[in-house]
Amino acid sequence: MEADLEMETLLRSLRVWDTELPAFDLDAAPGAPLPLFVEWFAAAVAAGQTEPHTPSLATTDAEGRADIRTVMLHGADARSLHFASHSGSSKGRQLAARPFAALGFYWPVQGRQIRVRGAVRTAPAEVAHADLHARSTGALASALVGHQSETLSSQAELVRASEAAWEKAQREPDATVPSWTVYELEPDEVEFFQGDARRRHLRLKYTRQANGWSKELLWP
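The present account deals with the structure reproduced in this document. Here the structure is a predicted model, which means the values were calculated and not measured. (Residues numbered from 1 in each chain as written. Predicted model: local features only at pLDDT ≥ 70, side-chain atom pairs only at ≥ 80, totals over all residues. Heavy atoms only, no water.)

## Description of the overall build of the chain
Inference 1: For the chain, the helix and strand inventory stands at six helices and nine strands.
Inference 2: A principal-axis box enclosing the C-alpha atoms of the chain has dimensions of 55 × 55 × 40 Å.
Inference 3: Buried residues in the chain amount to 34% of all 220 residues.
Inference 4: Partitioning the contacts of the chain with sequence separation of at least 6, the portion at a separation of at least 24 is 65%. (Helix = DSSP H or I, 4+ residues; strand = E, 2+ residues; numbered from the N terminus. Buried < 20%, exposed > 50% of the residue type's maximum accessible area, 1.4 Å probe, protein only. Contact = heavy atoms within 4.5 Å.)

This is how it looks when you write it as structure tokens:
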């Protein structure tokens, strides 16, 4: 009971968007979502948003149960948004069985969200290899450890595997990791949400059509 009261007190003490929020000129919104995504992403970086490139990734398992985790955005182009993981991880297995996902970006420093939904496909192996080796030695070492989402017997086992992987990454900087996979999410829907201190939030939704994109406003 005391824990419930403490939690309620903490929640009621919090404030949302207690700062100046940017405007959202709906009339100036481009015909496709990517230019606006890049504009908002750059604005979040300039505003000092912590890790703006780490969205939440939602997938579903074989039983249709939702799953979610934080990932790192590895790229974006006019066709898709890119992230990476091991094919044998929980997300990799879920995407293999149900190749659809959603990404959610939240940048509270500006009261902005971007929601992306669509089909997911895997990039060619050479793309995954280039992606991994464009990153740090630590990223390669982490990938070489492998076993993502598998049961770990102890922290000591992790330490041993990590140290061995670091040594290999330094010794073989071009080492291959066959399970490393780049995933490309091709959006069917992209929603841009601009928060408002008076709760008059603006929501602009893009929907892919046969000949391009349509736009519509949503009630908050």
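## Observations concerning the nonpolar core
Inference 1: Formed by 25 residues in total, the largest nonpolar core has its most connected members in L103, F105, I114 and F192.
Inference 2: Those elements that place two or more of their residues in this core are α2 (33–46), β4 (81–86), β5 (100–107), β6 (112–122), β7 (180–194) and β8 (202–209).
Inference 3: Those residues in contact with I114 that sit more than four places away from it in its chain are F37, W40, L103, G104, F105, W107, V190, E191 and F192.
Inference 4: Ranked by size, the runner-up nonpolar core spans 13 residues in total, among them L132, A141, W180 and V182. (Core = buried A, V, L, I, M, F, W, Y, C linked by side-chain atoms within 4.5 Å.)

## Section: the layout of surface pockets
Inference 1: By volume, the largest pocket is sized at about 560 Å³.
Inference 2: Forming the walls of the largest pocket are 26 residues, and the residues nearest its centre are H86, S142, G146, H147 and Q148.
Inference 3: Secondary-structure elements contributing two or more residues to the lining of the largest pocket are β2 (66–70), β4, α5 (137–145) and α6 (155–171). (1 Å grid on protein atoms, 1.4 Å probe; cavity = no way out; pocket = protein on both sides within 12 Å on 5 of 7 lines; lining within 4 Å. Points joined across faces, edges and corners; volume = space filled by probe spheres on them.)

## Brief notes about the pairing of β4
Inference 1: Within β4, six of the six residues are buried, which leaves it mostly tucked inside the rest of the structure.
Inference 2: Relative to β4, strand β3 (residues 75–76) runs antiparallel, the two being bridged by two bridges. Within β4, the residue paired with G75 across the bridge is H82.
Inference 3: A loop of four residues connects β3 with β4, the two strands running antiparallel in sequence.
Inference 4: Relative to β7, β4 runs antiparallel, the two sharing six bridges. From the neighbouring strand, A84 faces β7, where its bridge partner is V182. (Pairing = 2+ DSSP bridges.)

## Considerations on the packing of aromatic side chains
Inference 1: Counting across every chain of the model gives eight aromatic pairs.
Inference 2: When the centroid spacing of 6.0 Å and the interplanar angle of 70 degrees are considered together, the rings of F41 and W107 count as edge-to-face. With F41 in helix α2 and W107 in strand β5, this pair connects stretches of sequence that are 66 residues apart.
Inference 3: For W107, a relative accessible area of 1% gives the class buried.
Inference 4: On the numbers, 5.5 Å between centres and 20 degrees between planes, the contact of F83 with Y183 is stacked. With F83 in strand β4 and Y183 in strand β7, the pair connects residues that are 100 residues apart, well separated along the chain.
Inference 5: In this structure F83 comes out as buried when scored by relative accessible area, which is 1%. (Phe/Tyr/Trp six-rings, centres within 6.5 Å; stacked < 30°, edge-to-face > 60°.)

## Topic: helix α4 (residues 125–133)
Inference 1: Within the sequence span of α4, burial applies to A128, D131 and L132. Buried residues of α4, seen end-on, are gathered within an arc of 95 degrees and therefore sit on one face of the element.
Inference 2: For α4, the elements touching its buried residues are β4, α5 and β7. (Arc of directions from axis to C-beta.)

## Some words on the packing of α5 against α6
Inference 1: Closest axis-to-axis distance for the α5/α6 pair is 8 Å, and the angle between their directions is 125 degrees. With respect to each other, α5 and α6 are oriented oblique. In this structure, α5 meets α6 at a crossing whose hand is right-handed. Facing T137, G138, L140, A141, L144 and V145 of α5, the residues of α6 in contact are A161, S162, A165, W166, K168, A169 and Q170.
Inference 2: When its residues are assigned to classes, the contact of α5 with α6 shows eight nonpolar, four polar and one charged. (Axes fitted to C-alpha atoms, helices over the stretch in contact; angles between N-to-C directions. Parallel < 35°, antiparallel > 145°, perpendicular 65-115°, else oblique. Left-handed = near helix turned anticlockwise from the far one by under 90°. Nonpolar A, V, L, I, M, F, W, Y, C, P; charged D, E, K, R; others polar.)

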